[in-house]
Amino acid sequence: MKTIIGENYYSGILDDLIINQDDDDVFEKLEVFLKKNKDKTKLLFISYDLKDKIEKLNSRNDDKIKFPVIRCVVPKKIFSKKKFVNLNKLENKSIKFIPELNKEDYLKKIEKVKSHIQKGDIYETNFCYNWEAKEKINNPYKVYQKLEELTKAPFSVYSEIGDHVIISASPERFIKKRGDKLISEPIKGTSKRSENKEIDSQLIKDLKNDPKERSENIMIVDLVRNDLSKVAKESSVKVEKLCEVYTFENIHQMISTVSCNIEKETSFSKILKALFPMGSMTGVPKVKAMELMEKYELTKRGLYSGAIGIMKPNGDFDLNVVIRTIIYNKANDFISFKVGGAITIKSKPEKEYEETLTKAEALLKACQQ
């Protein structure tokens, strides 16, 4: 295993927990593993499909990536990121990705999703679709370097683990624990950038004042507040920042910050059961939105919409949201990434489609030579 998260490079496997879809007692196994390795640093890889172990849900959708539901690794060694040396000298070929939905089919799907909103089944949901390729990546780390240069994403990850390579440029934090405080930073609201400073400044203002984008964000903030309240000390849930616009190398994003305090003995599994999957990737009401997206999406999300991060020996942890992420299965040379966005009653299908292309742009560029 070789993994880069933040400023650290994690190498080798001292201990390893792999939980698959047909495993039972998932959270008991996870807690036993965490307790056994409580004095060590752990790397956490959590698939969206963990939802099936939390709620009465299931997915029969196609899955060519085949990442475990949970993989938790105790690394042998921890270095500075600067110590990582890419010994692979091979050159990559350009990868041609094919979207599983063309524009016409995407627009039809969005209209069907909006019909559920119109009927009151849901108020908001996150609809995603896959871009895929059947090719070999000769030098995955070079793709990661290019993607990092294009995005400078704060929660990026590079991992070679088992048959999988994860190349992530995530801008979103799922949940962070520091002492008795939990912090979540949901993203809802996206705008492209412009090289013209005046136009770029106007794009920020337009995003910040867009009623549709703000309503998306506020609905998810309410969901996160509700999720946090399941584990929070009484009256400790706070919205620290609401609908703030942050600028990244390739995109503008609207982000809110919600926090709470928890009792010292609150287990990681209890926090996960309360908050996972994250509201920004599900919808409102959460369970119904997840149920419907299983119906309208064509492939399993797998690790996409899940979380990757680190748990320290003191129990503090920091998990991202797995978005803007290429996943490569070396066993079958299958490569995929997903893009999506929040759908509300105010959504304009054409605009939603354009937003997915904006999110895909850096991923596609990173795979071109």
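Right above here is the structure, for reference.
Residues numbered from 1 in each chain as written. Predicted model: local features only at pLDDT ≥ 70, side-chain atom pairs only at ≥ 80, totals over all residues. Heavy atoms only, no water.

(A) Structural context of the overall build of the chain. Scanning the chain for helices and strands turns up nine helices and 18 strands. What you see for the chain is a C-alpha radius of gyration of 20 Å, in line with the 21 Å of a compact globule of 369 residues. Taking the principal axes of the C-alpha coordinates as reference, the chain spans close to 55 × 50 × 45 Å. Counting only residues that meet the buried cut, the chain has 58% of its 369 residues in that class. The long-range share in the chain, meaning contacts at least 24 apart out of those at least 6 apart in sequence, stands at 78%. Carbon and sulfur atoms form 49% of the exposed surface of the chain, whose accessible area is close to 16500 Å². Positive and negative side-chain charges of the chain, numbering 68 and 57 respectively, have mean locations separated by a distance of 3 Å. (Helix = DSSP H or I, 4+ residues; strand = E, 2+ residues; numbered from the N terminus. Rg over C-alpha atoms; globule rule 2.2 N^0.38 Å. Buried < 20%, exposed > 50% of the residue type's maximum accessible area, 1.4 Å probe, protein only. Contact = heavy atoms within 4.5 Å. Areas by Shrake-Rupley, 256 points an atom, 1.4 Å probe, with all protein chains shown as cover. Lys, Arg positive; Asp, Glu negative; His and termini not counted. Charge placed at Lys NZ, Arg CZ, Asp CG, Glu CD.)

(B) Structural view of helix H6 (residues 211–229). A rise of 1.5 Å per residue sets the reference length of H6, with its 19 residues, at 27 Å; its end C-alpha atoms lie 27 Å apart and thus fit the reference within 8%. Looking only at H6, the buried set comprises Lys 212, Glu 213, Glu 216, Asn 217, Ile 220, Val 221, Leu 223, Val 224, Asp 227 and Leu 228. The N-terminus of H6 is capped by Asp 210, whose side-chain oxygen sits 2.9 Å from the backbone nitrogen of Lys 212. (Expected span 1.5 Å × (residues − 1). Polar contact = N/O pair within 3.5 Å; in protein donor to acceptor, adjacent residues only side chain to side chain.)

(C) Highlighting a negative patch on the surface. Together, Asp 22, Asp 24, Asp 25 and Glu 28 line one region of the surface with negative charge. Residue placement: Glu 28 occurs in helix H1 (residues 26–36). (Patch = residues over 30% accessible without salt bridge, like charges linked within 9 Å, V, L, I, M, F, W, Y side chains within 5 Å. Salt bridge = Lys/Arg side-chain N within 4 Å of Asp/Glu carboxyl O.)

(D) The pairing of strand E4 (residues 70–80), seen in detail. Two elements, strand E2 (residues 8–19) and E4, share ten bridges in a ladder whose sense is antiparallel. Looking at E4, one finds that Asp 15 is bridged to Val 74. (Pairing = 2+ DSSP bridges.)

(E) Examining unusual backbone geometry more closely. A cis amide bond, omega -10°, links Phe 276 with the succeeding residue Pro 277. Residue Val 284 is joined to Pro 285 through a cis peptide bond whose omega torsion reads -10°. For Pro 285, the location among the structural elements is in the loop between strand E14 (283–284) and helix H8 (286–296). A positive phi angle is found at Asp 25, which is not glycine, with a value near 50°. On the secondary structure map, Asp 25 appears in the loop between E2 and H1.

(F) Structural context of the nonpolar core. Ranked by internal contacts, the top residues of the largest apolar core, which has 44 residues, are Ile 46, Leu 50, Phe 174, Leu 182, Phe 268, Leu 272 and Leu 319. Filtering out sequence-adjacent residues up to four positions away, Leu 272 remains in contact with Phe 27, Leu 30, Ile 46, Leu 50, Ile 54 and Phe 174. In this structure, Trp 131, Tyr 141, Tyr 328 and Phe 337 belong to the second largest nonpolar core, which totals 42 residues. (Core = buried A, V, L, I, M, F, W, Y, C linked by side-chain atoms within 4.5 Å.)

(G) Fine view of the side chain of Asn 130. Mapped onto the elements of the fold, Asn 130 is located in strand E6 (residues 124–134). Side chain to side chain, Asn 130 and Glu 132 meet in a polar contact 3.0 Å long. A polar contact is formed between the side chain of Asn 130 and the side chain of Lys 338, at a distance of 3.5 Å. Excluding residues that lie within four positions of it along the chain, Asn 130 makes contacts with Ile 98, Pro 99, Glu 100, Thr 299, Ser 336, Phe 337 and Lys 338.

(H) Focus on the pairing of strand E3 (residues 42–46). With five of five residues buried, E3 is to be regarded as a mostly interior element. By the alternation rule, side chains of E3 split into Lys 42, Leu 44 and Ile 46 and Leu 43 and Phe 45, which are all buried. When E3 meets strand E15 (residues 307–311), the two strands line up antiparallel, connected through five bridges. Each residue of the ladder has a partner; that of Phe 45, found in E15, is Ile 308.

(I) Quick peek at the packing of helix H4 (residues 140–151) against helix H9 (residues 349–366). Following both chains from N to C, one finds H4 and H9 inclined at 140°, their axes separated by 8 Å at the closest point. As summarised for this structure, H4 and H9 are arranged oblique, according to the angle between their axes. By crossing handedness, the relation of H4 to H9 is classed as right-handed. Residue-level inspection shows Val 143, Lys 146, Leu 147, Leu 150 and Thr 151 of H4 in contact with H9, the latter providing Ala 362, Leu 363, Lys 365 and Ala 366. Among the residues forming the contact of H4 with H9, the class breakdown is six nonpolar, one polar and two charged. (Axes fitted to C-alpha atoms, helices over the stretch in contact; angles between N-to-C directions. Parallel < 35°, antiparallel > 145°, perpendicular 65-115°, else oblique. Left-handed = near helix turned anticlockwise from the far one by under 90°. Nonpolar A, V, L, I, M, F, W, Y, C, P; charged D, E, K, R; others polar.)

(J) Geometry of the pattern of salt bridges. Counted according to the given criterion, the structure contains 26 salt bridges. Across the pair Lys 177 and Asp 316 runs a salt bridge whose closest N-O atoms are separated by 3.5 Å. Placement of Lys 177 in strand E9 (residues 173–178) and of Asp 316 in the loop between E15 and strand E16 (317–320) is noted, with a sequence separation of 139 residues between them. A relative accessible area of 10% means that Asp 316 is categorised as buried. Here Glu 297 and Arg 301 are joined by a salt bridge, their closest N and O atoms 2.7 Å apart.

(K) Structural view of the packing of helix H3 (residues 103–119) against H9. The interhelical angle for the contact between H3 and H9, taken along N-to-C directions, is 120°, at an axis separation of 9 Å. On the basis of their axis angle, the class for H3 and H9 is oblique. Remark: the crossing between H3 and H9 carries right-handed chirality. The segment H3 lies against H9, with Lys 103, Tyr 106, Leu 107, Ile 110 and Glu 111 engaging Pro 349, Glu 350, Glu 352, Tyr 353 and Thr 356.

(L) Region of interest: H4. In this model, H4 (twelve residues) spans 17 Å end to end at C-alpha, consistent with the 16 Å of a helix rising 1.5 Å per residue. Burial in H4 covers these residues: Pro 140, Tyr 141, Val 143, Tyr 144, Leu 147 and Thr 151. Buried residues in H4, looked at end-on, bunch into an arc of 150°, giving them a common side. Positioned one or two residues after H4, Lys 152 has a phi angle of 45°, which is positive. (Arc of directions from axis to C-beta.)

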